[in-house]
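Residue-level structure breakdown
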Amino acid sequence: MKCAVIVFPGSNCDIDCYHVWRNVLGQPAEYVFHKDRFSPDDFDLIILPGGFSYGDYLRVGAIARFSPAMASVYRAAEKGKLILGICNGFQILLESGLLPGAMMRNEDLKFHCHDVYLKVGTVDTPFTNLYRRGEVVRMPIAHGEGNYYAGRETIERLKAEGRIAFYYCDRNGMVTGDANPNGSLENIAGILNEGKNILGMMPHPERCAEEILGNTGGRKLFESILDYFEGRVKSGRQG
Amino acid sequence: MAGRDDAKKLGLSDYEYEEIVKTLGREPNNVELGMYGVMWSEHCSYKNSRPVLKRFPTEGGHVLQGPGENAGIVDIGDNLAVVMKIESHNHPSAVEPYQGATTGVGGIIRDIFAMGARPVALLDSLRFGEPDDPRVKYLLKGVVSGIADYGNCMGIPTVGGEVYFNEAYRDNPLVNAMCVGIIRHEEIVRGRAAGVGNSVMLVGSATGRDGIHGASFASEELSEDSTSKRPSVQVGDPFMEKLLLEACLELRKNRWVVGIQDLGAAGLTSACSETAARAGTGIELDVALVPRREEGMTPYEVMLSESQERMLVIVEKGHEEDVQKIFEKWDLHAVKIGTVTGDGMLRVLESGRVAAEVPVKSLADGAPVMKREGRRPAYIDNTDIDYSRLEMPSNLNEVLLRLLSSPNIASKAWVYQQYDHTVRTDTVVSPGSDAAVLRIKGTRKGIALTTDCNGLYCYLDPYEGGKQAVAEAARNLVVSGARPLAVTDCLNFGTPEKPEIFYQFEKCIDGISDAAKALGTPVISGNVSFYNETKERAVFPTPVVGMVGLLEDVERHCTMAFKKEGDVVVLLGLNTDELGASEYLKQIFGIQGGRPPRVELEREKRVQQCCLKAIELGLLSSAHDISEGGLAVALAESCIAGGLGFKGEIHTGFRADALLFGEGQSRIIASLPQKNLSTLIELAEELGVEITVLGFVYPERMDITVKNDGSITGRLSVSLEKMTCVWHDSIKRKVEE
């Protein structure tokens, strides 16, 4: 399953995502520079990595969405290709309108780098199908602007359509204010688009996919993607 | 022409001015004098420190590059090497904490990738006044967010360091940043302007008026009008540096790259004269070709600007366009500004007209060396304490909790959680343990990193303090499972013209040298920062030791956390009756005095060998160095980190408080499964290391009974919850209230 990792100026988790897909999952991966375009059929998965694209100038993710490579991402999205935005990648997906809502600075105005617990909100997606519903997963966060916001109507829709992939929770899976690291609405840590082929999330699954790093909570997310794809290939829906 | 009075304004003495006239055979002009002013400042020339720095051991089988380059390099096998350096940004951080810290981080990162290495880790060693002081809070918050914003944006994890609080640093905070890179041997690039006729190119940011005289500013004491020097502080742009990093790493792959040099203190002047001096060449450049961000800049301003995120690149003639192609990809400038010459002169033109012409060697290496004399300060002979007059506190539980909440011992999570320490997915042991451990992808290897220095020890006994800093750094690596390899040091002191300060400096260096020799860890790079002094006082002598160690198998790393109930807890090394200079004396009695604990280097070496061997054999569940707060605090830290407790009985002829809270050196606490105990005892005996069983890992509480000849002389019993709570939130409470 072929993966593209988009490299914006200022991306810094590009090598981490590439490493996990290629060396941990053993699947082909390629870097795509932001100035380059590609055809929707070139890749099965596109990762928008974390970092500080364009130095976070103007607003986080606001300039990246105009990159030539993003034009190709929009076409791939329309064709139902899988797109995963992590951290700054999530922020870019919001700015580009592929996902609803907006990101604000963390409530306490500080950068946060530590582990959080996540409750899996839905398992009926290409990204989370190997998790159990309600499963509690530990993952690291590292961001200054993860305070997700959207209008009431949007939130209700996200909930009703099972599009909230992850909630911040405590170690027992309780979604509480104390467990919310950044002030995000409803403790939202990751959301999906209507077609559920696009996931944006603030935590970093690529930073917890190997035993040596002391946590493999994120590995299942990548395995879910691969499992979903291979299932589709087997059933002949994609090839 | 510029005369003596102008020279004085630039910090040059009459004697130095005469030397310049002698060298040039004429009076210097304004531009030339400005260039000498910065290059002959202490910051750039090390004119006060050079003779003493020669005492450091700088060679060893695995050293690939010692002091004198952008950074030092040490071999780690498999054709790989570690590049590392530590540098201070104290003066700028004192007047403008946020930008001072960001540019400190930016500068040290450039030193690493100038060598061709990919930076993989940052550490920061910080010193502030007491945290309840409003100004200290302002400085701490500014420095921490500056480090965070720069390092985080660069995608380089900040994996370790230290934060100490002491009144001695109230007006002069210390901000030392260390960067570590990994490189393949054949990729090493040096800062050399070799090959007459080769092109000298300036890449990265445009040049502005920021930071002019930054190096001179860093070479004087801070005073009331230091805030007026704010324009001497540069402004950092990590996004620009990230692009510059990627472009330079692409550049290094080409054989036609001759040299790369960071533009730091003294800007173009320093980069040109240093690269040419190393290669025995000269450089002719035209300032009119330098891309500017401001109009009307004079040659003086262009040559002295310390605008950030710039590099000097020397390439073989004919490859200028190849360089431009790489930098264009990253939307960066790359402009040929000059040529390497054979005449040994730095010739600065402005649109063809000569604006300055001076011998490269005299600028880079010609500053007259100051032979300073040290004098033993009177206070050192008056530090003894009559311990019999200090009454043992009746409630040792309260003492322990007080120590755990001391900002020098309490959790630094408030600081390091603002730093991205997990990016690059190599961080195996995160901040908060004895040392950080990183894996090296594609190999079985790992490296361990730490910085250490106890300023109070160095103040009370500079020689012992210097020795202790090296010993503790090595110990921190060893308890993590790494073999110590090499040192980079950041020497922070007061004004060297004062004999008492110079004495501290010399003695600290002797201590570092002796320990570095004994432990086999040569000094491969570093930085001197003098003039950390205001009218009232100098900082404690603070020679920060940064150290790297190697793990052949990173899976075999170790942490301080107790792992399993029932594990036996042992002490490697000997308990001593040393309470001097302890955090206990400071917190409980308000005394900063006494003789700091001694390091016996032979014993230190044996204890470290024993611990390292035990970890390599897989005998240990945990290992932890005993430092500030002594044995009781070290046990508490292992409990807190592991979410477990401890129960034990310790026999001693010393006072209970000396046993529990004294900071005697060369001691390690380890826990291990009972079945491994006999093997460990054999190993210890073989190496001549004292080993004592202290107790066992228990759930939920720490219970220690101290006995002398069968009678109880002290007792500690505190719940894990209580210890964790005071330890964890202390700094946050103090800073944010």
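All values derive from a computational prediction rather than experimental measurement. Within each chain, residues carry numbers counting from 1 in the order of the written sequence. Chains and ligands are labelled by the order in which they are written, letters from A for the one and numbers from 1 for the other. Per-residue local features are limited, in this predicted model, to residues with pLDDT of at least 70; the limit for side-chain atom pairs, both in listing and counting, is 80 or more; totals at the level of whole chains, interfaces and linings are taken over all residues. Hydrogen atoms and water are omitted, and side-chain values are computed over all heavy atoms in the structure.

What to know about the domain arrangement of chain B
Spelled out, the test is: Here the bounds of each domain stem from an automatic or database domain assignment.
Its domain assignment divides chain B into domain 1 (1–40), domain 2 (191–351) and domain 3 (399–420 + 558–736). The straight-line distance from the C-alpha centre of domain 1 of chain B to that of domain 3 of chain B is 56 Å.

A look at the UniProt feature "binding site: Mg(2+) 2" (unreviewed entry) in chain B
All names here are of chain B. Quick reminder of the rule: UniProt positions are given in the numbering used here, feature names are shortened, and annotations may be inferred rather than shown by experiment. For helices the rule is a DSSP run of H or I covering at least 4 residues; for strands it is a run of E covering at least 2, with both sets numbered from the N terminus onward. Should any heavy atoms of two residues lie within 4.5 Å, those residues are considered in contact. Relative accessibility under 20% of the residue-type maximum defines a buried residue, over 50% an exposed one, and the middle range a partly exposed one, all with a 1.4 Å probe and only protein chains included. Two N or O atoms count as a polar contact when they lie within 3.5 Å, although within protein this holds only if one can serve as hydrogen donor and the other as acceptor, and sequence-adjacent residues are included solely when both atoms are side-chain atoms.
Listed under "binding site: Mg(2+) 2" (unreviewed entry) in the UniProt record, and renumbered for this structure, are Asp111 and Asp262. Maximum C-alpha separation among the annotated residues is 6.0 Å over a sequence range of 152 residues, consistent with a single clustered spot. Summarising the element assignment, Asp111 is placed in helix H7 (residues 97–114). Beyond its immediate chain neighbours, meaning those up to four positions away, Asp111 contacts Asn70, Ala71, Lys85, Glu87 and Asp262. By secondary structure assignment, the location of Asp262 is in strand S8 (residues 257–262). The exposure class assigned to Asp262 is buried, which follows from its relative accessible area of 7%. Setting aside residues no more than four positions away along its own chain, Asp262 makes contact with Asn70, Gly107, Arg110, Asp111, Ala114, Ala271, Arg310 and Met311. Side chain to side chain, Asp262 and Arg110 meet in a polar contact 2.6 Å long.

Some remarks on helix H24 (residues 677–687) of chain B
All names here are of chain B. Short version of the rule: Starting at the helix axis, one direction is taken to each C-beta atom, and the arc is that of these directions.
The complete set of buried residues in H24 reads Leu677, Leu680, Leu683 and Ala684. Across the axial projection of H24, the buried residues extend over an arc of 125°, all falling on one side. Facing away from the buried surface of H24 by more than 90 degrees, the exposed residues are Glu682, Glu685 and Glu686. Considering only its buried residues, H24 is in contact with strand S20 (568–572), helix H21 (601–616), strand S23 (668–672) and strand S24 (691–698). Gly688 sits one or two residues past H24 and shows a positive phi near 70°.

Some points on the UniProt feature "active site" (unreviewed entry) in chain A
Taken from the UniProt record, the annotation "active site" (unreviewed entry) applies to Cys87(A), His204(A) and Glu206(A). Look at the named residues: they lie 120 residues apart in sequence, but the longest C-alpha span between them is just 11.1 Å, so in the fold they bunch up. Checked against the element boundaries, Cys87(A) lands in the loop between strand S4 (82–86) and helix H3 (88–95). With relative accessibility at 6%, the residue Cys87(A) sits in the buried group. When residues no more than four places from it in sequence are discounted, the contact partners of Cys87(A) are Gly50(A), Ala142(A), His143(A), Met201(A), Met202(A) and His204(A). By the element assignment, Glu206(A) lies in the loop between strand S11 (198–201) and helix H5 (219–234). Ignoring anything within four residues of it in the chain, the contact list for Glu206(A) reads Cys13(A), Asp16(A), Cys17(A), Val20(A), Ile86(A), Phe222(A) and Thr425(B). Of the polar contacts made by the side chain of Glu206(A), one reaches the side chain of His204(A); its length is 2.8 Å.

Side note on the packing of helix H15 (residues 396–405) of chain B against helix H25 (residues 720–736) of chain B
Residue and element names in this part refer to chain B. As a reminder, the rule being used: Only C-alpha atoms enter the line fits that serve as axes; for helices the fit covers just the stretch in contact. Angles between N-to-C directions range over 0 to 180 degrees. Between 65 and 115 degrees an angle is taken as roughly perpendicular, under 35 as roughly parallel, over 145 as roughly antiparallel, and anywhere else as oblique. A crossing counts as left-handed when the near helix is turned anticlockwise from the far one by less than a right angle, and as right-handed when that turn is clockwise. The residue classification treats Ala, Val, Leu, Ile, Met, Phe, Trp, Tyr, Cys and Pro as nonpolar and Asp, Glu, Lys and Arg as charged. All others, Gly included, are polar.
For the pair H15 and H25, interaxial distance at closest approach is 8 Å and the crossing angle is 40°. As judged from the angle between their axes, H15 and H25 are oblique. As H15 runs across H25, the sense of the crossing is right-handed. Residues Leu400, Leu401, Leu404 and Ser405 of H15 form the contact with H25, whose own contacting residues are Lys722, Met723, Val726, Trp727, Ser730 and Lys734. Of the residues that constitute the contact of H15 with H25, the class distribution is six nonpolar, two polar and two charged.

Describing the UniProt feature "binding site: Mg(2+) 1" (unreviewed entry) in chain B
Residues and elements named next belong to chain B. The residues that UniProt annotates with the feature "binding site: Mg(2+) 1" (unreviewed entry) are Glu87 and Asn527. Taken along the chain, the residues just named run across 441 residues; in space they keep tight, none of their C-alpha pairs more than 5.4 Å apart. With respect to the helices and strands, Glu87 occurs in strand S3 (residues 80–88). With near-sequence residues (within four places) excluded, Glu87 lies in contact with Ile108, Asp111, Val175, Asn176, Ala177, Cys490 and Asn527. A distance of 3.3 Å separates polar atoms of two side chains, one belonging to Glu87 and the other to Lys85.

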